[in-house]
Number of protein chains: 2
Amino acid sequence: MASYTGLALLALSLPLSWAQQYPDCQNGPLSNNSVCDTGLSARERAQALVDALTLEEKLNLTHNNSPGVKRLGLPAYNWWGEALHGVAAAPGVQFSSSGNWSYATSFPQPISIASSFDDELFYAIGTVISTEARAFNNGKRSGLDYWTPNINPFRDPRWGRGQETPGEDTYLVKRYIDNMVTSLQGGRNPTSYKVIATCKHYTAYDLEGWQGNTRYGFDAIVSPQDLSEYYMQPFQQCARDTKVASIMCSYNAINGVPACANSYTIQSVLRGHWNWTADENYITSDCTSIQNMFTDHHAFDTRQQTVAAALNAGVDVDCGYYNPTFLPSAYSQGLFQESTLDKSLLRLYSGLAKAGYFDPPDSPWRSVTWDNVSTPEAEDLALKVAEEGIILLKNDGTLPLIPPEDRNLTLLLAGGWINATEQLQGNYAGPARTLVSPWMALQNVSNLNLVVVKWYENPMLRAIDTQADAILYIDATNEGADEGKDRNTIRWDAMQVDAVEMLATLGRPLIVAHMGEQVDDSALLNNPNVSSLLWAGYPGMLGGQALINIVTGKTAPAGRMPVTQYPADYVHQVPMTDMNLRPDPQTGNPGRTYKWFDNATVEFGFGLHYTNLSTAIGTPSNTSFDIQSLVSACNFTTYSHVDQCPFYPSGSTSSSLSVNVTNSGTTASDFVALAFIAGEYGPTPRPLKSLVAYQRLFDIKPGSSQTASLNLTLGSLSRYDEKGNQILYPGNYRVLIDVPTQNTWEFVLTGSEYVMDEWPQV
Amino acid sequence: MASYTGLALLALSLPLSWAQQYPDCQNGPLSNNSVCDTGLSARERAQALVDALTLEEKLNLTHNNSPGVKRLGLPAYNWWGEALHGVAAAPGVQFSSSGNWSYATSFPQPISIASSFDDELFYAIGTVISTEARAFNNGKRSGLDYWTPNINPFRDPRWGRGQETPGEDTYLVKRYIDNMVTSLQGGRNPTSYKVIATCKHYTAYDLEGWQGNTRYGFDAIVSPQDLSEYYMQPFQQCARDTKVASIMCSYNAINGVPACANSYTIQSVLRGHWNWTADENYITSDCTSIQNMFTDHHAFDTRQQTVAAALNAGVDVDCGYYNPTFLPSAYSQGLFQESTLDKSLLRLYSGLAKAGYFDPPDSPWRSVTWDNVSTPEAEDLALKVAEEGIILLKNDGTLPLIPPEDRNLTLLLAGGWINATEQLQGNYAGPARTLVSPWMALQNVSNLNLVVVKWYENPMLRAIDTQADAILYIDATNEGADEGKDRNTIRWDAMQVDAVEMLATLGRPLIVAHMGEQVDDSALLNNPNVSSLLWAGYPGMLGGQALINIVTGKTAPAGRMPVTQYPADYVHQVPMTDMNLRPDPQTGNPGRTYKWFDNATVEFGFGLHYTNLSTAIGTPSNTSFDIQSLVSACNFTTYSHVDQCPFYPSGSTSSSLSVNVTNSGTTASDFVALAFIAGEYGPTPRPLKSLVAYQRLFDIKPGSSQTASLNLTLGSLSRYDEKGNQILYPGNYRVLIDVPTQNTWEFVLTGSEYVMDEWPQV
């Protein structure tokens, strides 16, 4: 979205005269229009509405702040809703300043949600968010569509919006999408939408503002291989597999063509190759992104050509004012057909119809009220998510820190985030009923003396003066990245490291909670007197409580890294503007993500526990598989696409790889079983490994075992060639369990190459 | 100062237990100490206090948050006060949340103050600020020293703190210093200080955070010539001439040596060459800058060596916690002498003594109260300053925009700053009693229909729909620079230009008010349908009123550019890290400031009026002067330094150049008479020209004239050689009046070179 800089104040100072209203299908003018006939299909209903519109009215309905049509009783509707990790304020979502409707459940940021590697949790979050969204809709405070999730893979550690995403790995991102979008929309292939989800930002969008390059005018040069294998994979999941209702096109250009007028990505790939052609499958622009095609990309000579290009490419909503201003004159100039405009409106109103916008007040979801918002159950879930997402990066046994029963433990609290509240939420957050900082949470721990270091005091002197038994340092880097602004560095501020190092000289138990964005923790990992290190990211409204529950052992940590933690000098090795994933000796690009970069400070998938957990593969008997046999064994009535077909490592009777996890320690713990694939197959260079399956096991008791069932597919075995085709190659394969690898199972694929997916060429 | 990111919340959440207290010289333990004896000199009183201190106590008194000495009744004292353009919040300045002490007069930012080119105004502002500061001090809400002014010359248009300074020209900066510091301190050579001013940041500090370079670790490589001629000139004014009480050393290093341990800049130049050795002349560090010498500059092996280096270099206050933590062990290690510490404390307490800290309650300034804060007179001054600082950059006659008497004029208001309030203040602002936005001010203009464009509306459509008679677009760029963060670009956002250009297509009177930072206005200047352009910068608490007074002709504009407005591509021609002022074909550096860069979009000193104002020089009869005669004519009992000696262009009877200014138009107006010097003398390359004198004339009536007396000095004629020596050279000289030049007076200097100032070498 466009940032509000300098505008928020103005927006706030204007009186609120707006409400999201349902059309009156009982007594209003529309009651005589078939759009209100629940017996018809959404498409038929939308057609009836569009048939009733004059050209002038149609020309006015393709922007986010839609005026509706008073004559017909079609209310104004603002398409711009936000709900990234809870219902959030937006032009189309209004919170009250106090009392009812003044808050909603505020979950951790997606980067911290993803760290849980817990599919069921992703689903449960989407269910809460969409229920609360329907409550706000019933309260006339929001619409029925939300511009979430943000699923561009987190390519570069400097990206200002990486916190909004489920991380760098496409498999994890796709699992997140499938669960989140499905639960937001009210189930798989729902007959009506609970709410409309919007996958954004299509595509290759992951640069905000870096050394003078801005997202508004950035041209992402991406190879077909990287596009197909990486940047587009989340959108394939959204469009082809999870069937999201709506997609947002992005600010940037892809290989010279702005995303919102890119017939290759929109027509050839999205609507063509992925068949994203359901009646309601509409596209919204990002805010001002149509205008930016004129002002920043200079892609068209006139403003009329610009809006026509977006409409002709299949962009149906303009978040901005270009469409209402210039569509009329573009039409006069013959730059688009009325039938094209009709198609856009049919998609839009099919979407609203399928979300029940024209249904009677007794229709599903209309009974949800304020009582269903931020319920105790929803807030418990927010706490659970936060706990599941916290990652233990280092521990010498200091954690969990359990105060003794017979005396008070003196704990020194230092660092800039000890009383963090709003910061715990990250961006795109709505107001929460309560925000619990670490300091607040600690006040409920018994047998604890708290010593709070003010920011201008030396924590070391205070630790000495107060004879602190242990130290908890909680902080994030001061260089804030955010929407519109990428990081320049990925290192801790030298003064923060200095503070920790001074504390470390005391030789007392020293726990560091790294909050906010990932930066290089080397100095903390390498310092033997830093006892323990946690990464808690943006843990949301109850994030302080979650952190303290982990610290005191009330909950055992089991989160895993959703991204690579890069060494600080990585930013000098590759510019943000270089989109290539593979290492390139010529440019010095050392490779991106754990698949291509082999010098991580902390690896993707890493995470420690409070107990000893070991894994064993239930080794399959087969170690050789014929490609053609694998393909022909697939049941194509069950699986629409060959990459979805199961790979049966133990023969056709068992569709999963079993991994047995044993807790030989003394603390019950969750454990995320992870399976990667590596090997010598397909074109070089070859990725170091790729995540292909995971399962979070819960509460494994000391001395007991649980078994994860990791489902592999033929897609798990595939590679992408330089044209972007997805292919099964003969060769040597290895399944690697856990990070670092605990177990390996080797097998071979024989036979000849099989093209699973032929990628559309430009 | 260090930024508060992530810390402000914490600071605010801690209870306020602190107050700035005077020591009890009547009944407290100090009543028996000579420090309370008003009959002694400040130095003698400080000596008595230091004599009473134990070593341990001394070791604890050199940081900003001084604990005092309870045993002696010496109260805690926080040296960190801020008052850049009005008393402002700081650890040593506490505002209440409402009622008394909840605000102070908030003047425009120094960049907008400087645009007035009005010395008397500078002085009047300092008088108000210091009076209000004494009121806060009497209210136990602030101390007696303030870390203002910020006088690093504004070298690069990207600098995030340029707004805090009086611009790029050393002559203007020096005039600002002389008036501001003198009025803050209570007059020239005062027997006691009204408040202690602190010139910052010493020296060559003007980079915040740019492409990964941070102020904390930046090493400014500066030639002796640039150092002497440019970067150090403001500090020469402070130390040698205006005799500021205190100076702050900066974060950066200068030619490899951190500023706060730089014996060359501190000992050789400041205390040696400029003789800044009054008893109370103390130096404070910038906040954490001593720590940064260890953490970012890696200048020392141990923290003890770091604090000792600063103390030994003559830095007396550590804003930070390094001194209290590591001075004791540094002393044990023999890294400094107790006598050195004594010298620091003598300077600090001489300063406080001279500010009346140990004086009885009936001493001067102790009767100032809350009633003296934000008085109507002070607020009138704030309005006047704002009006005087607004600059007219373009006008086709549309301005002033005076509504007709017989009907209402419909004015469309658009842009992100139409209702700006806090934004008008800029950074380092204290809370104000009221903040008046442009929109608010317009509500008091009669015969006006206001149409306010919401930010998501198309201003062009609204202008058409509402049949607007005229348009006022008020905005600043969205890329905010600030402390810690430099700009990457100096261009308007493309969408802002687009909005103006769309409005311009209507062909109606279109006035643009450019607020905030200077960026390239070419698109607006070159568009014939942009009728008028104003630059109003950061005009302070009544800035909206000031702008509207100018727009409606209640006040005529006469401000002048205090900086060069560079073309947008300037940022690609020279990196911020290149400190060189002179053009360099080898590096591509096109030169810095109007003295060396000849391709400005808007020139330094430029500014239009609502009337026709022409200038004429009272041409002196002499056109040839002998250097040795000029020097020997100087009265060295009156002038301590030869550069201060008057240059008598009309012979020894008249010490100034007279410039007659005639208003041949129909509107009364102020006018700033400007004199530059250029010519063929001294080493090449030669500056294009240099400002040597100015005078603002007031309210020149239509048809009448006024005469400015521009005082030149021998310093006005000087140049600097590669070693930094200031020299009078024989050659051809030209005095240029106004921008662009209206009149020229040519003369020659004969004789041989004369070294006015031999610059200390490293």
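Thresholds applied
Residues numbered from 1 in each chain as written. Chains lettered and ligands numbered in written order. Predicted model: local features only at pLDDT ≥ 70, side-chain atom pairs only at ≥ 80, totals over all residues. Heavy atoms only, no water. Helix = DSSP H or I, 4+ residues; strand = E, 2+ residues; numbered from the N terminus. Rg over C-alpha atoms; globule rule 2.2 N^0.38 Å. Contact = heavy atoms within 4.5 Å. Areas by Shrake-Rupley, 256 points an atom, 1.4 Å probe, with all protein chains shown as cover. Lys, Arg positive; Asp, Glu negative; His and termini not counted. Charge placed at Lys NZ, Arg CZ, Asp CG, Glu CD. UniProt positions renumbered as here; feature names shortened; annotations may be inferred. Least-squares fit on C-alpha atoms with pLDDT ≥ 70 in both. Buried < 20%, exposed > 50% of the residue type's maximum accessible area, 1.4 Å probe, protein only. Domains from an automatic or database assignment. Buried area = accessible area lost by both parts, 1.4 Å probe. Salt bridge = Lys/Arg side-chain N within 4 Å of Asp/Glu carboxyl O. Polar contact = N/O pair within 3.5 Å; in protein donor to acceptor, adjacent residues only side chain to side chain. Nonpolar A, V, L, I, M, F, W, Y, C, P; charged D, E, K, R; others polar. Pairing = 2+ DSSP bridges. Axes fitted to C-alpha atoms, helices over the stretch in contact; angles between N-to-C directions. Core = buried A, V, L, I, M, F, W, Y, C linked by side-chain atoms within 4.5 Å. Left-handed = near helix turned anticlockwise from the far one by under 90°.

## Description of the overall build of chain A
Here comes step 1: Per the secondary structure count, chain A includes 22 helices and 28 strands.
Here comes step 2: The C-alpha atoms of chain A give a radius of gyration of 26 Å, which matches the 27 Å a tight globule of 762 residues would have.
Here comes step 3: When the backbone C-alpha atoms are referred to their principal axes, chain A occupies close to 80 × 65 × 50 Å.
Here comes step 4: Long-range pairs, those at least 24 residues apart, make up 76% of the contacts in chain A between residues at least 6 apart in sequence.
Here comes step 5: Accessible area of chain A: about 24800 Å², with a carbon and sulfur share of 47%.
Here comes step 6: Counting 47 positive and 75 negative side-chain charges, chain A places the averaged centre of each group 3 Å from the other.

## A word on the UniProt feature "domain: Fibronectin type III-like" (unreviewed entry) in chain A
Here comes step 1: According to UniProt, the "domain: Fibronectin type III-like" (unreviewed entry) feature falls on residues 671-741 of chain A.
Here comes step 2: Annotation note: span residues 671-741 of chain A, helix share 0%, strand share 58%, distance between end C-alpha atoms 15 Å.

## Re the relation of the copies chain B and chain A
Both copies of the chain are related by a screw-like operation: a rotation about an axis and a shift along it.
Here comes step 1: When chain B is fitted onto chain A, the two copies agree to an RMSD of 0.0 Å after a turn of 180° and an axial shift of 0.0 Å. Taken together, these values place the two copies in the relation of a two-fold axis. Of the C-alpha atoms belonging to chain B, the one lying closest to the rotation axis is found on glutamine 211 of chain B, 3.1 Å away.
Here comes step 2: Residue by residue, 100% of the interface of chain B is reproduced at the interface of chain A, so both copies engage with the same surface.

## So, unusual backbone geometry
Here comes step 1: With an omega of -5°, the peptide bond running from threonine 684 of chain A to proline 685 of chain A counts as cis.
Here comes step 2: Mapped onto the fold, proline 685 of chain A is located in the loop between strand E21 (669-681) and strand E22 (690-700).
Here comes step 3: Unusually for a residue other than glycine, alanine 204 of chain B sits at a positive phi of about 60°.
Here comes step 4: Along the chain, the position of alanine 204 of chain B falls in the loop between strand E4 (196-202) and strand E5 (209-210).
Here comes step 5: Under the relative-accessibility criterion, alanine 204 of chain B is labelled buried at 2%.
Here comes step 6: Positive phi, normally seen in glycine, also occurs at lysine 243 of chain B, with a value near 60°.

## Quick word on the domain arrangement of chain A
Residues and elements named next belong to chain A.
Here comes step 1: When cut into domains, chain A gives domain 1 (27-372), domain 2 (383-573) and domain 3 (611-757).
Here comes step 2: Each partner contributes residues to the interface: domain 1 has 18 residues there, and domain 3 has 18 residues.
Here comes step 3: Together domain 1 and domain 3 conceal approximately 1500 Å² of surface at their shared face, both sides included; 48% is due to carbon and sulfur atoms.
Here comes step 4: On the domain 1 side of the contact with domain 3, Phe117, Tyr171 and Arg240 bury the most area, a combined 38% of that side's loss.
Here comes step 5: Viewed at the interface, domain 3 and domain 1 are joined by 1 salt bridge.
Here comes step 6: With its nearest N and O atoms 2.9 Å apart, the salt bridge here joins arginine 240 to aspartate 643.
Here comes step 7: Viewed at the interface, domain 3 and domain 1 are joined by 9 residue pairs in polar contact (both at pLDDT 80 or more).
Here comes step 8: Only helix H5 (119-138), helix H6 (170-184), helix H7 (224-231) and helix H8 (233-242) provide two or more residues apiece to the side of domain 1 that touches domain 3.
Here comes step 9: Residues belonging to the side of domain 1 that touches domain 3 are distributed by class as follows: 5 nonpolar, 6 polar and 7 charged.

## Remarks on the sheet that holds strand E18 (residues 613-617) of chain A
Residue and element names in this part refer to chain A.
Here comes step 1: Here 3 strands make up an open sheet; going across it, the order is E18-E20-E23 and the pairing antiparallel. Looking along the sheet, the strands with just one partner apiece sit at the ends: E18 and strand E23 (705-711). Each strand axis lies, on average, 25° off the axis of its neighbour in the sheet, ignoring direction.
Here comes step 2: Two elements, E18 and strand E20 (residues 656-663), share 5 bridges in a ladder whose sense is antiparallel. Residue serine 614 lies in a different strand from E20, and its bridge partner there is threonine 662.

## So, the interface of chain B and chain A
Here comes step 1: The partner chain A presents 53 residues to the 53 residues of chain B that form the contact.
Here comes step 2: Summing both partners gives a buried area of about 4400 Å² for chain B against chain A, and 67% of it is carried by carbon and sulfur.
Here comes step 3: Inspection of the region where chain B meets chain A yields 2 salt bridges.
Here comes step 4: With a closest N to O distance of 2.7 Å, aspartate 498 of chain A and arginine 303 of chain B form a salt bridge.
Here comes step 5: Taken together, chain B and chain A are joined by 8 residue pairs in polar contact (both at pLDDT 80 or more).
Here comes step 6: Looking at the side of chain B that touches chain A, the elements with two or more residues in it are helix H1 (8-13), helix H10 (289-295), helix H12 (322-332), helix H16 (459-465) and helix H17 (494-504) of chain B.
Here comes step 7: Per-element tally for the side of chain B that touches chain A: the top contributor is H17 of chain B, with 6 residues.
Here comes step 8: Tallied by class, residues from the side of chain B that touches chain A come to 26 nonpolar, 20 polar and 7 charged.

## Concerning the pattern of salt bridges
Here comes step 1: By the definition in use, this model includes 72 salt bridges over all chains.
Here comes step 2: Between glutamate 388 of chain A and arginine 696 of chain A there is a salt bridge, with its nearest N and O atoms 3.3 Å apart. With glutamate 388 of chain A in helix H14 (residues 376-389) and arginine 696 of chain A in strand E22, this pair connects stretches of sequence that are 308 residues apart. Arginine 696 of chain A shares its class with glutamate 388 of chain A; the two are buried.
Here comes step 3: The partner of aspartate 738 of chain B in a salt bridge is arginine 560 of chain B, with the nearest N and O atoms 2.7 Å apart. Here aspartate 738 of chain B, found in the loop between strand E26 (731-737) and strand E27 (743-750), pairs with arginine 560 of chain B, found in the loop between helix H19 (543-551) and helix H20 (570-573); they are 178 residues apart in sequence, far enough to count as distant.

## Examining the side chain of aspartate 118 of chain B
All names here are of chain B.
Here comes step 1: If you trace the backbone, aspartate 118 turns up in the loop between helix H4 (110-114) and helix H5 (119-138).
Here comes step 2: No salt bridge is formed by the buried aspartate 118, whose closest oppositely charged neighbour, arginine 696, lies at an N-O distance of 4.6 Å.
Here comes step 3: Setting aside anything within four residues of it in sequence, one finds aspartate 118 in contact with Glu388, Tyr694, Arg696 and Phe698.

## Quick notes on the sheet that holds strand E16 (residues 510-515) of chain A
Residue and element names in this part refer to chain A.
Here comes step 1: Read across the open sheet, the 6 strands follow the order E12-E17-E16-E15-E13-E14; overall the sheet is mixed. Edge positions in the sheet fall to strand E12 (391-395) and strand E14 (448-452), since each of these pairs with one other strand and no more. Averaged over all pairs of adjacent strands, the angle between their axes in this sheet comes to 20°, without regard to strand direction.
Here comes step 2: With 5 bridges joining them, strand E13 (residues 409-414) and E14 adopt parallel strand pairing.

## Here we look at the nonpolar core
Here comes step 1: In terms of nonpolar packing, the biggest core is built from 438 residues, with Phe358 of chain A together with Phe358 of chain B touching the most fellow members.
Here comes step 2: Not counting residues up to four positions away in its chain, the partners in contact with phenylalanine 358 of chain B are Pro23, Cys25, Leu30, Val35, Cys36, Arg45, Leu49, Leu74, Tyr349, Leu352 and Ala353 of chain B.

## Some details on the environment of glycine 731 of chain A
All names here are of chain A.
Here comes step 1: Residue placement: glycine 731 occurs in strand E26 (residues 731-737).
Here comes step 2: In this structure the C-alpha to C-alpha distance between glycine 731 and phenylalanine 747, which are 16 residues apart in sequence, comes to 8.7 Å.
Here comes step 3: In this structure glycine 731 touches Glu680, Tyr681, Phe747, Val748 and Leu749, once residues within four positions along its chain are discounted.

## Considering the packing of H5 of chain A against H6 of chain A
Residues and elements named next belong to chain A.
Here comes step 1: Axis separation between H5 and H6 bottoms out at 7 Å; the angle between their running directions is 35°. Relative to H6, the crossing made by H5 is right-handed. Here H5 contributes Asp119, Phe122, Tyr123, Ile125, Gly126, Thr127, Ile129 and Ser130 to the contact with H6, which in turn contributes Leu172, Arg175, Tyr176, Asn179, Met180, Thr182, Ser183 and Leu184.
Here comes step 2: Considered class by class, the residues forming the contact of H5 with H6 number 8 nonpolar, 6 polar and 2 charged.

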